[in-house]
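Letter by letter, the chains look like this.
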Amino acid sequence: MWVWIAVGAIALIVLVFAATRLLGRLPDLRRAAVKLQRRQEEAMRLQVAGEELQRTVLVVQQKAERAQDAVTQIKANLGR
């Protein structure tokens, strides 16, 4: 009977020790979670900025094509 009580007490001590170590790490885990959330928000902002840049490049490319067409047309009118 005493053996089972001793085994239970040792198991309880080990459990308390493990729980104490885990609870000691919670602030670090919380800081890491906050840092990850900030990085995710930053990534979302960068993605939006990248999409806007892509649209701007497309507009500039279209303007360049129109300008090239205008130059080609001017050269054709001058007989070159």
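For the structure itself, look to the data block above.
Reading guide: rules and limits
- Residues numbered from 1 in each chain as written.
- Predicted model: local features only at pLDDT ≥ 70, side-chain atom pairs only at ≥ 80, totals over all residues.
- Heavy atoms only, no water.
- Helix = DSSP H or I, 4+ residues; strand = E, 2+ residues; numbered from the N terminus.
- Rg over C-alpha atoms; globule rule 2.2 N^0.38 Å.
- Buried < 20%, exposed > 50% of the residue type's maximum accessible area, 1.4 Å probe, protein only.
- Lys, Arg positive; Asp, Glu negative; His and termini not counted.
- Charge placed at Lys NZ, Arg CZ, Asp CG, Glu CD.
- Salt bridge = Lys/Arg side-chain N within 4 Å of Asp/Glu carboxyl O.
- Patch = residues over 30% accessible without salt bridge, like charges linked within 9 Å, V, L, I, M, F, W, Y side chains within 5 Å.
- Areas by Shrake-Rupley, 256 points an atom, 1.4 Å probe, with all protein chains shown as cover.
- Expected span 1.5 Å × (residues − 1).
- Bend = angle between axes of the 7 residues up to and from the residue.

## Topic: the overall build of the chain
- For the chain, the helix and strand inventory stands at one helix and zero strands.
- The C-alpha atoms of the chain give a radius of gyration of 34 Å, which is well past the 12 Å a tight globule of 80 residues would have.
- If you line up the chain on its principal axes, its C-alpha atoms span 110 × 20 × 10 Å.
- By the burial criterion, 0% of the 80 residues in the chain qualify as buried.
- Averaging the locations of the 13 positively and 7 negatively charged side chains of the chain gives two centres separated by 8 Å.

## A short note on the pattern of salt bridges
- Under the criterion given, the structure shown has two salt bridges.
- Among the salt bridges present, the one from Asp-28 reaches Arg-31, with a minimum N-O distance of 2.2 Å. Of this pair, Asp-28 and Arg-31 both sit in helix H1 (residues 2-78), separated by three residues, roughly a single helical turn.
- For Asp-28, a relative accessible area of 44% corresponds to the partly exposed category.

## Considering a nonpolar patch on the surface
- A cluster of nonpolar residues, Met-1, Trp-2 and Ile-5, forms a patch on the protein surface that exposes about 460 Å² of accessible area.
- Within the secondary structure, Ile-5 is located in helix H1.

## Quick word on H1
- Between its first and last C-alpha, H1 extends 110 Å over 77 residues, near the 114 Å set by a 1.5 Å rise per residue.
- A bend of about 35° at Leu-26 is the largest found in H1, and the proline Pro-27 appears one to four places after it.

Remember that the coordinates give geometry; whether it matters functionally is a separate question.
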